[in-house]
Structure formats: C-alpha cells, structure tokens
Amino acid sequence: MNEEQRYRLRTPASARYFEEARRYLPGGDSRSTLFYPPYPAVLDRGEGCRVVDLDGNRLLDFTGNHSVLIHGYHEPAVLDSIRRQLEKGTCFPGPTEPQLRFARHLVERIASLERVRFTNSGTEAVMMALRGARMFTGRRMVAKLEGGYHGTSEEVMGTAHPDLVLLPADDAETAAGILERRAEEIAALLVEPVQGSAGMIPMDAGFLRAMREATRRLGIVLVFDEVVSLRVAYGGAEEHCGVPPDMTCLGKLIGGGLPLGAFGGREEIMALFDPSRGPPPVPHPGSYNANPVSLAAGLATLELLTRDTIAQLNRRGERLRAELKREFDEAGVPAAITGLGSLFGIHLTDGPVRTIRDAARGDEGLRHRIFLGLYNEGILLDPRGVGTLSTAIGEREIERFLEALRTVLSRLEEPAAV
Ligand code: PMP
C-alpha cells in the first residue's frame, strides 16, 4: 500500500465532505494554500498541540495554523480573555480599551514602532503600510524581494505587476543597484526578514543591513513584513538582526487565533492616518478594524510570549532542525533544513537553500509522499514542508515527530503502489 492509499483509508469522512463541498465552493474550500491531493483532511477540533479530523484521527500539529497559534489550541488565558470580551460585546461603533492596551504593548515591545493601527489581516496591514509609504514619498512603485509573500493584494501577490520591482534576495549589490537606478519611482521596499511561504528562509543579516543603508540613503520606506517572523525574538526579527525598519506589518499570531493585523512605524509616516486634524491624507476605515475580541485574544497571546518563553521555543526549534537533518542524513535522503527560532522548513534537495530558487530545486513528489506519510503517522505539517512550534509542544511531541519521520522515510523503500 502506498501513502496515498493509507491516507484515503484513514480519511473517508474528509473524502465525502470534499465530494460535496466541491459542488458549492471551487475546489471545496476558501484558502488556496490548504489544498493538497487527493483532498485535504477536514479538521474538527483542537486540543492543546493536537488537532482532530472528521474521522477522529488525532494529529500532533506542527503547523499552528501556519504559524498563527503560538500557544496551541485551548490556551486557558487566551480563551478566558475572549470570553470576557464576548460578554461585553463583539464590536462597537467606537474605540475600545483593548485597543489602547494592545497598542501600548506593541509600541513598548517593538523598538522601531512609534505608532500603530489595527486591521483584520496581514494582507490589509501590508496594503495600508504601502499606501502610507506612497503618500509619504510621493512615489508609486513598490520593491519586494524575490520569494517574498505579503498577502493577497494584487500588486504584491505575484512577481509581476506594473507597480512592482523585484529584487534578488541574496545579492545586496544588485538589489541596491536596482533601488538606486529607480529611486525616484520607488516608495517602499517590502521585506520578510524570514521568508515564510518561500520555505522558512531567513534573510542574511548583512543583506538586511545593506537594504537599510540603501533605503535610508535613497528616501525609500523600508517595510518589514513580520507577519510570520515576529516570534523569532521578543521585539521581532528587527531585534534579532539589529536592523530597524521604517514600518512594520503584523498579523497571524498577534490575533491569538482570531482575525487581526496591524501596521505601524515612524510617527511622521503614521501621522498620515490621523483624522483628528482634518481629513487624513490616507483614510483607513473598516467596519471590523481593531475588533475587540481579536484584540483580547491577541493581547493575552503576546503577554504569554515573554522573553523566556521565546528563548525556550527557539531552543526547541534549534534542536528540532538539527534532529531533522540527522534523520534525513541517516536515511540517506538529501535534505536541507532551514528556519530560525521556532520556524522550520524541510527542502528535499542536496544544495544549501538561501533563496526561493534554491527551494524550487526540491523534489516535490517526494515532499508530498512524506507529507501524506506523516499524516498517516499522526503528524500534521504544512503541505509545503514548513512548520512551526507552539508552546504546547514539548520534548515528547518532538520525539514523536522524529519517530514518525523515521517510519515514513523507511517506507520510501516500498514500491510506489501495491
Ligand atoms: N505577510 C506574510 C509574511 C504572510 O505570511 C502572510 C500570510 N501567510 C500575509 C502577509 C498575509 O496575511 P493574511 O493571511 O492575514 O492576510
């Protein structure tokens, strides 16, 4: 039996769900990155570091909903905070107290952040930061690094758009040269300090310093998209690499499992959003902006994410990356393990992985077999081969992951189908 046959046997309820869901939703779902063949398992509930699918399979969750749930499911402090806010009300036609507490927390936590505003998603945070940068500079174009993912707004979603300039992510001289040649047109340089969607690839600190220097010199707004990377240090990746951006975008984990994004940065740029002195140069309306239930969940989440907690998560992440490498080496399967802190990526290629181009050399068919195999062994990863740790995952769960991987790698010898 191959891994797909095993998977089908374990997930008949998900198969039935998908058969019907395709009649109402294109592809049976609303989030493209979740699809994998033959059909994704439908998830029913979470318990600590585990999720349970429709067929009752219990899986150790090494995705944390793609880096959102840094404390796993059922963190009591987060649930209590949500409940308390639910009793008061879910949304209001006016500012609320959780907003002030959260804004204070973020400004005190992230060194470069002087003012902040809240959105419903990382996508919106990026959109608003770019609007701010454009108004601030009077320029139109946006530069981003190859492999960077910044949400679903059209101009930054792919690699080609009339307003987009693409820079290499591993060649500071070329990147700075492009910025220099087109400086008059470029409003912002958008950077993920750890490229999440590209496969958890940390950007080189020297490269980031060079981008800081070039953008400062050329009057380009440097925007760090820390939607994924915030977790690598208490004050985010900017603290880890010692490079302060002009603006920062946040999302995912800051909502504690509910929809929330934020953007902020230098006071003089953020002043463009201020409606208290007449119509703001950049309006930022939104019926659910700064939703108090999301803020309650998110603030409880961040308050639990102390320096000590992050240090422990990062130590476990380091250990996991080293052990993953050892397992692949011992099985004789070429693999590069990337990541930083509690983020990790598995690339089935024998070269080093420093860019999305390196990652693209990975064996996708093998990656998918391993992904399904791990599912069959009770381990949930992102189908793209990346994952994250949560504080709900302990040493035992890491052991279980490694055991499952050993089992799956030993089955690679089996014929593809029986
Ligand atoms: N930026 C980065 C770095 C992301 O990883 C994501 C989401 N994967 C986004 C922005 C968009 O966030 P959202 O999905 O909340 O719109």
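Computed from a predicted model, the values in this text were never measured in an experiment.

### Here's the deal with helix α12 (residues 292–304)
- The end-to-end C-alpha separation of α12 is 18 Å, in line with the 18 Å expected for 13 residues at 1.5 Å each.
- Of all 13 residues that make up α12, 11 are buried, and the element is covered over most of its length.
- For α12, the set of buried residues is Pro292, Val293, Ser294, Leu295, Ala296, Ala297, Gly298, Leu299, Ala300, Thr301 and Leu302.
- Taken together, the buried residues of α12 touch α4 (76–88), α5 (97–109) and β4 (115–119).
- By the N-cap criterion, in which a side-chain oxygen at the helix start approaches the backbone nitrogen of a residue two or three places on, α12 is capped by asparagine 291, the distance to valine 293 being 3.1 Å.

### With respect to the site of the ligand
- If you check the shell around the ligand, you find Ser121, Gly122, Thr123, Tyr149, His150, Gly151, Glu192, Asp225, Val227, Val228 and Lys252 and nothing else.
- A distance of 2.8 Å separates an oxygen atom of the ligand from a polar backbone atom of glycine 122.
- The separation between an oxygen atom of the ligand and a polar side-chain atom of threonine 123 is 2.6 Å.
- Here the ligand loses 81% of its free accessible area of 390 Å² to cover by the protein chains.
- Its residues assigned to classes, the shell around the ligand comprises three nonpolar, five polar and three charged.

### Some thoughts on the packing of helix α13 (residues 307–331) against helix α16 (residues 395–411)
- One can describe the packing of α13 onto α16 by two numbers: an axis separation of 10 Å at closest approach and a directional angle of 20°. It follows from the interaxial angle that α13 and α16 lie roughly parallel. Taken as a pair, α13 and α16 cross one another with a handedness that is right-handed. Contact with α13, carried on its side by Arg316, Arg319, Leu320, Glu323, Leu324, Glu327, Phe328 and Ala331, involves Glu395, Ile398, Glu399, Phe401, Leu402, Leu405, Arg406 and Leu409 of α16 and no other residues of that element.
- Class assignment of the residues belonging to the contact of α13 with α16 gives a composition of nine nonpolar, no polar and seven charged.

### Regarding the packing of aromatic side chains
- Counted according to the given criterion, the structure contains 10 aromatic pairs.
- The ring of tyrosine 234 carries the charged tip of arginine 109 above its face, separated from the ring centre by 3.9 Å.

### A few points about the nonpolar core
- One finds Leu106, Phe118, Phe328 and Ile370 to be the most contacted residues of the largest nonpolar core, which totals 60 residues.
- Per element, the largest residue contribution to this core is seven residues, and it comes from α16.
- Mapping this core onto the domain boundaries places at least three of its residues in each of domain 1 (3–70 + 307–410) and domain 2 (76–304).
- Residues within four places of phenylalanine 328 in sequence aside, it is in contact with Val333, Ala335, Ile337, Ile346, Leu348, Ile370, Leu405 and Leu409.
- By size, the runner-up hydrophobic cluster in this structure holds 30 residues, among which are Leu145, Ala169, Ala175 and Cys241.

### A look at the side chain of histidine 284
- Along the polypeptide, histidine 284 turns up in the loop between α11 (267–270) and α12.
- Of the residues examined, histidine 284 reaches a relative accessible area of 12% and is grouped as buried.
- Here the side chain of histidine 284 touches arginine 117 through a polar contact of 3.1 Å, side chain to side chain.
- At 3.2 Å, the side chain of histidine 284 and the side chain of asparagine 289 are in polar contact.
- When near neighbours in sequence (up to four residues on either side) are disregarded, histidine 284 contacts Arg117, Phe118, Thr119, Met128, Phe263, Phe273 and Asn289.

### Things to note about the packing of helix α15 (residues 364–376) against α16
- Two elements in contact, α15 and α16, have axes separated by 9 Å at closest approach and are oriented at 125°. Considered as vectors, α15 and α16 are oriented oblique to each other. Judged by the sense of rotation from one axis to the other, the crossing of α15 with α16 is right-handed. On α16, the residues that touch Arg369, Ile370, Gly373, Leu374 and Asn376 of α15 are Phe401, Ala404, Leu405, Val408, Leu409 and Arg411.
- For the contact of α15 with α16, a count of residues per class yields seven nonpolar, two polar and two charged.

### Section: the domain arrangement of the protein
- By domain assignment, the protein separates into domain 1 (3–70 + 307–410) and domain 2 (76–304).
- The centre of domain 1, based on its C-alpha atoms, is set 27 Å off from the matching centre of domain 2.
- Listed per partner, the contact involves 28 residues of domain 1 and 26 residues of domain 2.
- Its largest share of buried area at the contact with domain 2, domain 1 owes to Arg307, Leu340 and Leu343, together 24% of the area lost on that side.

### A word on the pattern of salt bridges
- Applying the stated criterion to the full structure yields 31 salt bridges.
- The salt bridge partner of aspartate 274 is arginine 277, with a shortest N-O separation of 3.2 Å.
- Residue classification places aspartate 274 among the partly exposed residues on the basis of a relative accessible area of 22%.
- Linking glutamate 323 and arginine 326 is a salt bridge whose minimum nitrogen-to-oxygen distance equals 2.7 Å. Remark: arginine 326 and glutamate 323 occur in helix α13; sequence separation between them is three residues, near one turn of the helix.
- For glutamate 323, a relative accessible area of 18% puts it in the buried group.
- Residues participating in the shared-partner salt-bridge network are Arg316, Arg319, Glu323, Arg326, Glu330, Glu395 and Glu399.

Definitions and limits used
- Residues numbered from 1 in each chain as written.
- Predicted model: local features only at pLDDT ≥ 70, side-chain atom pairs only at ≥ 80, totals over all residues.
- Heavy atoms only, no water.
- Helix = DSSP H or I, 4+ residues; strand = E, 2+ residues; numbered from the N terminus.
- Expected span 1.5 Å × (residues − 1).
- Buried < 20%, exposed > 50% of the residue type's maximum accessible area, 1.4 Å probe, protein only.
- Contact = heavy atoms within 4.5 Å.
- Polar contact = N/O pair within 3.5 Å; in protein donor to acceptor, adjacent residues only side chain to side chain.
- Near = heavy atom within 4 Å.
- Areas by Shrake-Rupley, 256 points an atom, 1.4 Å probe, with all protein chains shown as cover.
- Nonpolar A, V, L, I, M, F, W, Y, C, P; charged D, E, K, R; others polar.
- Axes fitted to C-alpha atoms, helices over the stretch in contact; angles between N-to-C directions.
- Parallel < 35°, antiparallel > 145°, perpendicular 65-115°, else oblique.
- Left-handed = near helix turned anticlockwise from the far one by under 90°.
- Phe/Tyr/Trp six-rings, centres within 6.5 Å; stacked < 30°, edge-to-face > 60°.
- Lys NZ or Arg CZ within 6 Å of the ring centre and 35° of its normal.
- Core = buried A, V, L, I, M, F, W, Y, C linked by side-chain atoms within 4.5 Å.
- Domains from an automatic or database assignment.
- Buried area = accessible area lost by both parts, 1.4 Å probe.
- Salt bridge = Lys/Arg side-chain N within 4 Å of Asp/Glu carboxyl O.

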